[in-house]
Amino acid sequence: MKTINRRKFLILSYSSVIATLMAQCSIANTQENQRKFSSYPQINQSQYGILEVDLTANFNQINLGNKQAYVLSYNGQIPGPRLEAKPGDTIRINFTNNLPQPTNIHYHGLHIPITGNADNVFLNIPPGDRFTYQFQIPENHPAGIFWYHPHLHGLVAEQLFGGLAGLFIVRGELDEIPEVKAASEQFLVLQDFALDEKGNMLRSEELSIMTGREGNLITANGQFNPNFTIPAQGLLRLRILNASSSRFYRLSLEEHPFYLIATDGGALAEPVEMSELLLTPGERADVLIQANREPGKYPLLNLPYERVGMGMMGRGMMGRGMMGRGMMGRNIPESQPQVLATLSYDTQVAAVPLPKKLIPVPALPEPQKVRRFQMNHGMIPGQGMAFLFNGQSYQPERIDTQVQLNTVEDWELINTGMMDHPFHVHTNAFQVLSRDGKPEPYHAWKDVVLVRPGETVLIRMPLRDFAGKTVYHCHILDHEDLGMMGNLEIIAGNREQGTGNS
Ligand code: C2O
Ligand code: CU
Ligand code: CU
């Protein structure tokens, strides 16, 4: 059986540390945790321009839906505390790593510095250590749904799948649009878990790493099928994050269309009606829902979606013979829709209309540079299966892509493999121009875009404000950990300024 040795080593050492920790976990400690942590997720809003939060990553027992589970969490909560700030605010996060592994924090989608103690994914915070993250949200930062999660290469999938993720909301112009403001706001953080009957996490070997691990316990805000109530004729603003490490959600609400008002990077120019919403890992959607049917209960469904080509399923080079059971694991997509949450309304209010206009999304200027990224998988001698950009698997020391600050680039993303890959880049949001040459129907700010097998997606990205080193990667985090990541260096050269769009 061929496996990836370093990874196996990490998995083994992790399981043994966890076993030791669990043996030490006293009853008193568990009760203490339950008292402290089983309440509704904590919300931390900035005040007088400052958001200061103590955040601790833990491995402990918590109440997940109706089950006791031993999972990873920030401050003992699934999902982690919701952080809220405004443009111009200073953020200070006093982080403690109580995990048996090193970790760090990435602020997914925020346009903030990538060096020092800001959104620096190259930091390594050892077990037991503390670290203070500090940065400022730029004055012109768009309002939107952002989030935070671990980002230490090699451990990202495992830690995120363990439960470590939280919302980071930036409030601003979009929230002030009267119809949006009048809507009742709810958040929906989607996470999946793989637990045994005792509530212990399944080990990596029992999960399908190659296709990206999935669990069959799907939680919405850490609950099973939570209920959202809104007044009849009212408007619901549902702000959704896919915080799963690999699972896609194909959402549909019985008898109600979604009106998309914002994507990853902020508002659209006007609402876009859709009957279904596909959210790949890391993607966010801000939708309005009109409560204009018969008062009652309506299920929010997750429809089946196949993200792995049939050629990859249990046959050929990835069959069980070569990779072993652990590498494939459970991998058959659900064939039935699943209920994620329920929306209900009864009492009636005066009808709240949909907004007509939101916030303009400007077309970007022509690019100074066009690059091409081919996404695929293959065997690396002596290492095993790896996931690749342009034929190469991730090397921490190598700079893969060097760009100039204050320029605009077009990136052509080509998937020549057999699985879906949601492409993600840090720090700067982009606009999707076309898929297979077909122009996108509307402009939107994105930081994750799905590239299907055989597909070519063209994106345009302004590189603004922040120089330094960061990454782009597949947001199926097992693929990222198995090499589908590149280092991006943003250089503040002496090129003329102002070529970027503002
Ligand atoms: Cu949400 Cu580099 O990722
Ligand atoms: Cu990110
Ligand atoms: Cu991928």
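Structure: see above.
Residues numbered from 1 in each chain as written. Chains lettered and ligands numbered in written order. Predicted model: local features only at pLDDT ≥ 70, side-chain atom pairs only at ≥ 80, totals over all residues. Heavy atoms only, no water.

Let us now look at the overall build of the protein. On a plain count of helices and strands, the protein comes out with seven helices and 31 strands. The proportion of buried residues among the 502 residues of the protein is 59%. A separation threshold of at least 6 residues defines the contact pool for the protein, and within that pool the share at least 24 residues apart is 79%. Surface accessibility of the protein: about 19800 Å² in total, with carbon and sulfur atoms responsible for 50%. (Helix = DSSP H or I, 4+ residues; strand = E, 2+ residues; numbered from the N terminus. Buried < 20%, exposed > 50% of the residue type's maximum accessible area, 1.4 Å probe, protein only. Contact = heavy atoms within 4.5 Å. Areas by Shrake-Rupley, 256 points an atom, 1.4 Å probe, with all protein chains shown as cover.)

It is worth spelling out the coordination of the copper ion (ligand 3) at this point. Each pair of donors in an ideal four-coordinate tetrahedral metal site encloses 109.5 degrees, whereas pairs in an ideal six-coordinate octahedral site enclose 90 or 180 degrees. In the first shell of the copper ion (ligand 3), the protein supplies His421 (ND1), Cys474 (SG) and His479 (ND1), at 2.0 to 2.2 Å from the metal. Every donor residue of the copper ion (ligand 3) comes from the same chain, spaced as H-x52-C-x4-H. With His421 in strand 25 (residues 421–425) and Cys474 in strand 30 (residues 468–474), the pair connects residues that are 53 residues apart, well separated along the chain. Summarising the burial analysis for this pair, His421 and Cys474 share the class buried. (Donors = N, O, S within 2.8 Å, 3.2 Å for Na, K, Ca; no water.)

It is worth spelling out the sheet that holds strand 11 (residues 217–220) at this point. One open sheet holds the six strands; their spatial order is 11-10-13-18-15-16, and the pairing between them is mixed. Each edge of the open sheet carries a strand with a single partner, namely strand 11 and strand 16 (266–274). Across the sheet, the mean angle from the axis of one strand to that of its neighbour is 25°, orientation sign disregarded. (Pairing = 2+ DSSP bridges. Axes fitted to C-alpha atoms, helices over the stretch in contact; angles between N-to-C directions.)

Take the packing of aromatic side chains next. Evaluated as defined, the whole model comprises 18 aromatic pairs. Seen from their ring centres, Trp411 and Phe423 are 6.2 Å apart, and the 75° between their planes marks the pair as edge-to-face. In this pair, Trp411 is assigned in strand 24 (residues 407–415) and Phe423 in strand 25, connecting sequence segments twelve residues apart. Each residue in the set Tyr107, Phe131, Tyr133, Phe135 and Phe168 is aromatic and connected to the rest through ring pairs, giving one cluster. Its guanidinium or amino end placed over the ring of Phe122, Lys469 lies 4.4 Å from that ring's centre, counting from NZ or CZ. (Phe/Tyr/Trp six-rings, centres within 6.5 Å; stacked < 30°, edge-to-face > 60°. Lys NZ or Arg CZ within 6 Å of the ring centre and 35° of its normal.)

Let's shift gears to the coordination of the copper ion (ligand 2). Within the first shell, the copper ion (ligand 2) binds the protein through His106 (NE2) and His424 (NE2), at distances of 2.0 Å. One end of the pair, His106, is in strand 6 (residues 106–108); the other, His424, is in strand 25, and 318 residues separate them in sequence. An identical accessibility class is assigned to His106 and His424; each is buried.

Before going further, it helps to spend a moment on the pairing of strand 3 (residues 67–74). Two faces belong to every sheet, and in a regular strand the side chains alternate between them. Inspection of the sheet shows strand 2 (residues 50–64) paired to strand 3 by eight bridges, in the antiparallel sense. Bridged to Leu64 within strand 3 is Lys67. Here strand 2 hands over to strand 3 after two residues, with Gly65 in that stretch at a positive phi of 60°.

Moving on, we come to the sheet that holds strand 24. Pairing within the open sheet is mixed, and its six strands lie in the order 22-21-24-29-26-27. Unpaired on one side and paired on the other, strand 22 (384–389) and strand 27 (438–439) mark the two borders of the sheet. Sheet analysis places strand 21 (residues 369–380) next to strand 22, joined by six bridges and oriented antiparallel. For Met379, the partnering residue across the bridge sits in strand 22 and is Met385.

With that out of the way, let us pick up the side chain of Asn221. Looking at the element boundaries, Asn221 is found in the loop between strand 11 and strand 12 (227–229). Within the local environment of Asn221, its side chain forms a polar contact with the backbone nitrogen of Val189, the two atoms lying 2.8 Å apart. (Polar contact = N/O pair within 3.5 Å; in protein donor to acceptor, adjacent residues only side chain to side chain.)

A few words on the nonpolar core. Among the nonpolar cores identified, the biggest contains 46 residues, and Leu174, Leu188, Ile240, Leu251, Phe258, Leu277 and Val287 are the most heavily contacted of them. Counting 37 residues, the second largest nonpolar core, distinct from the first, contains Phe389, Leu405, Val449 and Val457. (Core = buried A, V, L, I, M, F, W, Y, C linked by side-chain atoms within 4.5 Å.)

Turning to the pattern of salt bridges, a few remarks are in order. Pairs can form between side chains of opposite charge once their charged atoms are near each other. By the definition in use, this model includes 31 salt bridges. When the shortest N-O distance is used, the salt bridge between Arg213 and Asp478 registers 2.9 Å. Placement of the pair is Arg213 in the loop between strand 10 (184–193) and strand 11 and Asp478 in helix 7 (residues 477–481), with a sequence separation of 265 residues. Taking the shortest distance from any N to any O, the salt bridge between Asp286 and Arg237 comes out at 2.8 Å. Of this pair, Asp286 sits in strand 18 (residues 284–290) while Arg237 sits in strand 13 (residues 235–242), and the two are 49 residues apart along the sequence. Using a relative accessible area of 1% as the deciding quantity, one classes Asp286 as buried. What you see here is one network of salt bridges that share partners, running through Arg82, Glu84, Arg171, Asp175, Glu185, Arg237, Arg239 and Asp286. (Salt bridge = Lys/Arg side-chain N within 4 Å of Asp/Glu carboxyl O.)

As a further point, take unusual backbone geometry. The amide bond that connects Ile78 to the next residue, Pro79, takes the cis arrangement and shows omega of -10°. Residue placement: Pro79 occurs in the loop between strand 3 and strand 4 (80–85). The backbone of Tyr48 shows a phi angle near 50°, a positive value even though the residue is not glycine. Counting through the fold element by element, Tyr48 comes out in the loop between strand 1 (43–45) and strand 2. For Tyr48, a relative accessible area of 83% gives the class exposed. Not every positive phi belongs to a glycine, and Asn225 is a case in point at roughly 50°. Given the relative accessible area of 38%, Asn225 is considered partly exposed.

Any functional reading would require information that these geometric values do not contain.
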